[in-house]
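Tertiary structure, described
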Number of protein chains: 2
Amino acid sequence: MTAKSQVKWTDDALTVLKAPDGFRLDALDPAATPGYGGDKKDGAIDLAAGLAQLADFQERLFADSHAGDGEDSVLLVLQAMDSAGKGGIVRHVVGGVDPQGVELAAFKAPTPEELEHDFLWRIERRVPRPGFIGVFDRSHYEDVLIGRVRELAPAEEIERRYDAINDFERRLVERGTRIVKVMLHISYDEQGDRLMERLERPDKHWKYNPGDVDERELWPAYQQAYQTVFERTSTAAAPWYVVPANRKWYARLAVQELLLETLEGVDPQWPAADFDVEAEKERLRATLR
Amino acid sequence: MTAKSQVKWTDDALTVLKAPDGFRLDALDPAATPGYGGDKKDGAIDLAAGLAQLADFQERLFADSHAGDGEDSVLLVLQAMDSAGKGGIVRHVVGGVDPQGVELAAFKAPTPEELEHDFLWRIERRVPRPGFIGVFDRSHYEDVLIGRVRELAPAEEIERRYDAINDFERRLVERGTRIVKVMLHISYDEQGDRLMERLERPDKHWKYNPGDVDERELWPAYQQAYQTVFERTSTAAAPWYVVPANRKWYARLAVQELLLETLEGVDPQWPAADFDVEAEKERLRATLR
C-alpha cells in the first residue's frame, strides 16, 4: 500500500498482479479485482487520491534528474486485445501527470523504413530519458504477438525475438529504467460488447476498424501468444503484470497503483541546490526595486 | 464567448488579446484581466468548465483527422520571460486534454547538431500532425529574442529570421495548422518575487538557475526584443496574443479561452463511418456466443 489514503488496497499490486512462473492466463478471471477490497465507488476515491500522489512523485523524479544526479525513469508498457482500455489508462491515469514529464509513444504498424531495421530499432528511439515517465501504447511485444499469430516473420525469427527482448529490457533496467509491463486482460464476451457499442454510437464509429473483427476471430491464437510472452519474457528484471480489465475502474486503479508502488521504490528526492543559495539571494536582491 | 458556462467572458479573447498594429507592450498592464469580468473564484469555475470543453474539442479534432479527412491541427506557441508561468499553462490547461492528442516540444538551447542547420530545422521536425494539438514551450522566437539580446548571430541574420518565420508560419497555416502565439506578460517586480520564492523554498531550488538573474539584468533589452517581434511577426495568418500574466489564474483561463475559440473556429465533427455499419454489426454478431 502506498499511502494511508489508499485504504482499500489489501495487498501490493506489484505482488498480486505479477505473472509468476507457472502463470496461466486462462485461469485468471477478467472480472476479478485482485488485491483491492473496495468497490467501484471506493475506487473512484482512491483513483483521485492517487492522481495527486502520482503527480508529486513525477515532479520529484523530474527534478531529481534535471537538477540532481538521478538517472531513474519509468516505462509503462501497455499491451492488450482491442478495446481492453489502453486509451482509458492513458487518459485517466497518465493524464493526471504533468505532460512535461511524460513521453508517450503509440506504436502502430511499422513503416517501410522501420521494417528495414531490426524490430527494436524504433523502440530504442522512444525509450524515456532519465526523469521521465515513458508510456508505450503497444510496443515491441506486437512483434511476438501479431507477428506470431499472423506469421509476419519466420518462426525462427519470432523465437529469436524473445531473447532479444529480454536482453534489451535488461539493458534498460541496468541504466535506471523501471519497466512496468502491463497486459490488460478482458474476456472474449466483454470485447464483443465493447466493439458492438462502438458500432452502435456514431461518435464512436471512428474508433472502429473492420480489422478488429478479423483479429477477434483469432482470439484463441492471441491468448496463446500472450501465454508464451509471459513464459518467455516475464523476467526478474522486467516481470509482467496481468490486470483483469473487464471492470474499467479496477484496471485504471490497478495500473495507477503499479506506478505508485514503482515510484515509491525509486523514492525520488528534491535535489540539493548546485549553487550558493544565499549568494543568489543577494544577487537577486540587487535587482529588486 | 465559447459557451454558456463561460459566463464571465465579456469579449472574445482572440479579439481583446491580439497585438494589433501599433501595439505597445509597455502600455499593457501585466496585472490586467482583459475581456474577463469575473474574479479569481469565477475563473476557477470557468477553467474547470473549459477543461471539459477543450477535451471534447480535442477528441473531435483527433477523430476527424484519423478516421475522416480533417487536416486541421492547432499549434500553441508559448513565449515568456522566466517564471512567467509557461509550465503552469502546460500543466493546468494542456494537462486537461488527453495526452494521446497532444504533441509537446520544449525547446532548450540548441544542440551542436541543431546549430549546424537553419534555426527552423529543429522546429519543422516538431510541428503537430493533423488532428493534434501541438505545444511549443519556447520556440523559433528564441532565435530572435535571446539571439538578438545576446548577439548570438549577426544583425543581418537576425533580420533575415523575421521574414523566414513569417514565411514558415504562413506555410503551416496554409496546410491547416491554426497557430496561437502567446506571450505571457509579467512585470519586472513580479518576476523578482517569483524568483525569490524559488530561492526560499528548497523544493523549488531545482527550478532556479543562476543564469535567470543574468537574463533578468537584461530586462529592458528583452522587452524591446519582444516589441520588435510583435511588430515584425504579428501577421494576419498568425497574429500574436499578449496575455497579462501577473495573475496566474487569469493567464491560464485566457490561454484556455484562446484555444477554445480557435477550436470553435475549426469546428471539428465526428467523422462518418468509412465502412458499412450494418454489415459490420452482422460480422460482429456472428462472433458473439
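Residues numbered from 1 in each chain as written. Chains lettered and ligands numbered in written order. Predicted model: local features only at pLDDT ≥ 70, side-chain atom pairs only at ≥ 80, totals over all residues. Heavy atoms only, no water.

An unreviewed UniProt entry lists chain A under the name Polyphosphate kinase 2 family protein, with Microbacterium betulae as the source organism.

**Re the overall build of chain A**
Broken down by element type, chain A carries 12 helices and 5 strands. Against the 2.2 N^0.38 benchmark of 19 Å for 289 residues, chain A shows a C-alpha radius of gyration of 21 Å, consistent with a compact globule. Projected onto its principal axes, the C-alpha positions of chain A cover 70 × 50 × 40 Å. Expressed as a percentage of contacts within chain A between residues at least 6 apart in sequence, the contacts between residues at least 24 apart total 83%. When the accessible area of chain A is evaluated, it comes to approximately 12700 Å², of which 48% is carbon and sulfur surface. Across chain A, the 38 positively charged side chains and the 53 negatively charged ones have centroids separated by 4 Å. (Helix = DSSP H or I, 4+ residues; strand = E, 2+ residues; numbered from the N terminus. Rg over C-alpha atoms; globule rule 2.2 N^0.38 Å. Contact = heavy atoms within 4.5 Å. Areas by Shrake-Rupley, 256 points an atom, 1.4 Å probe, with all protein chains shown as cover. Lys, Arg positive; Asp, Glu negative; His and termini not counted. Charge placed at Lys NZ, Arg CZ, Asp CG, Glu CD.)

**A look at the packing of helix H7 (residues 155-174) of chain B against helix H10 (residues 219-233) of chain B**
Residues and elements named next belong to chain B. Contact pair H7 / H10: the axes reach a minimum separation of 10 Å and the direction vectors enclose 50°. Considered as vectors, H7 and H10 are oriented oblique to each other. The chirality of how H7 crosses H10 is right-handed. Where H7 abuts H10, its residues Glu159, Tyr162, Asp163, Ile165, Asn166 and Glu169 lie against Thr228, Val229, Arg232 and Thr233. For the contact of H7 with H10, the residue count by class is 3 nonpolar, 3 polar and 4 charged. (Axes fitted to C-alpha atoms, helices over the stretch in contact; angles between N-to-C directions. Parallel < 35°, antiparallel > 145°, perpendicular 65-115°, else oblique. Left-handed = near helix turned anticlockwise from the far one by under 90°. Nonpolar A, V, L, I, M, F, W, Y, C, P; charged D, E, K, R; others polar.)

**Quick look at empty space enclosed by the protein**
In this approach the atoms are scanned with a rolling probe the size of a water molecule, which exposes any empty space left behind. Residues and elements named next belong to chain B. Considering all chains together, one arrives at 2 cavities of 30 Å³ or more under this definition. Its boundaries defined by the atoms lining it, the largest cavity holds a volume of some 50 Å³. As for the largest cavity, its lining consists of Ala84, Gly85, Gly88, Ile89, Leu184, Arg194, Ala245, Lys248, Ala251 and Arg252. For the lining of the largest cavity, the secondary structure elements donating two or more residues are helix H3 (86-92) and helix H11 (248-266). (1 Å grid on protein atoms, 1.4 Å probe; cavity = no way out; pocket = protein on both sides within 12 Å on 5 of 7 lines; lining within 4 Å. Points joined across faces, edges and corners; volume = space filled by probe spheres on them.)

**So, the pairing of strand E1 (residues 73-80) of chain A**
All names here are of chain A. Across the 8 residues that make up E1, a large majority, 8, are buried. Residues Ser73, Leu75, Val77 and Gln79 point to one face of E1 and Val74, Leu76, Leu78 and Ala80 to the other, with burial holding for every one of them. In terms of strand pairing, E1 meets strand E4 (residues 177-185) through 8 bridges, oriented parallel. Note on E4: the bridge partner recorded for alanine 80 is leucine 184. Here E1 pairs with strand E3 (residues 133-137) via 5 bridges, running parallel. Bridged to leucine 76 within E3 is valine 135. (Buried < 20%, exposed > 50% of the residue type's maximum accessible area, 1.4 Å probe, protein only. Pairing = 2+ DSSP bridges.)

**A few points about the relation of the copies chain B and chain A**
Comparison of the two chain copies shows a relationship of rotation about an axis with a shift along it. Superposition of chain B onto chain A requires a rotation of 180° combined with a translation of 0.0 Å along the rotation axis, giving an RMSD of 0.0 Å. Here the copies are linked by what is in effect a two-fold axis. Taken together, the interface assignments show that 100% of the residues at the interface of chain B recur at the interface of chain A, consistent with an identical surface on both copies. (Least-squares fit on C-alpha atoms with pLDDT ≥ 70 in both.)

**Focus on a negative patch on the surface**
Residue and element names in this part refer to chain A. On the surface, Asp11, Asp12, Glu264 and Asp267 cluster together into a patch of negative charge. Along the chain, aspartate 12 turns up in the segment before helix H1 (13-16). You can call aspartate 12 partly exposed: its relative accessible area is 36%. (Patch = residues over 30% accessible without salt bridge, like charges linked within 9 Å, V, L, I, M, F, W, Y side chains within 5 Å. Salt bridge = Lys/Arg side-chain N within 4 Å of Asp/Glu carboxyl O.)

**Notes on the sheet that holds strand E5 (residues 240-244) of chain B**
Residue and element names in this part refer to chain B. Read across the open sheet, the 5 strands follow the order E2-E3-E1-E4-E5; overall the sheet is parallel. Either end of the sheet is taken by a strand with one partner, and the two such strands are strand E2 (102-106) and E5. Pairwise comparison of adjacent strand axes, ignoring direction, gives a mean angle of 20° for this sheet. In this sheet, strand E3 (residues 133-137) lies alongside E2 in parallel orientation, the contact comprising 5 bridges. Of the residues in E3, the one forming a bridge with glutamate 103 is glycine 134.

**Some words on the pattern of salt bridges**
On inspection of all chains with the given rule, the structure shows 52 salt bridges over all chains. Here aspartate 98 of chain A makes a salt bridge to arginine 91 of chain B, at a shortest N to O gap of 3.0 Å. With aspartate 98 of chain A in the loop between helix H3 (86-92) and strand E2 (102-106) and arginine 91 of chain B in helix H3, this pair bridges two chains. On the basis of relative accessibility, which here comes to 34%, the residue arginine 91 of chain B falls in the partly exposed class. When the shortest N-O distance is used, the salt bridge between aspartate 214 of chain A and arginine 283 of chain B registers 2.4 Å. Highlighted residues: aspartate 214 of chain A in helix H9 (residues 211-216) and arginine 283 of chain B in helix H12 (residues 277-285), drawn from two different chains. For aspartate 214 of chain A, a relative accessible area of 32% puts it in the partly exposed group. A relative accessible area of 26% means that arginine 283 of chain B is categorised as partly exposed. One connected set of salt bridges, linked through shared partners, spans Asp118, Glu157, Arg160 and Arg161 of chain A.

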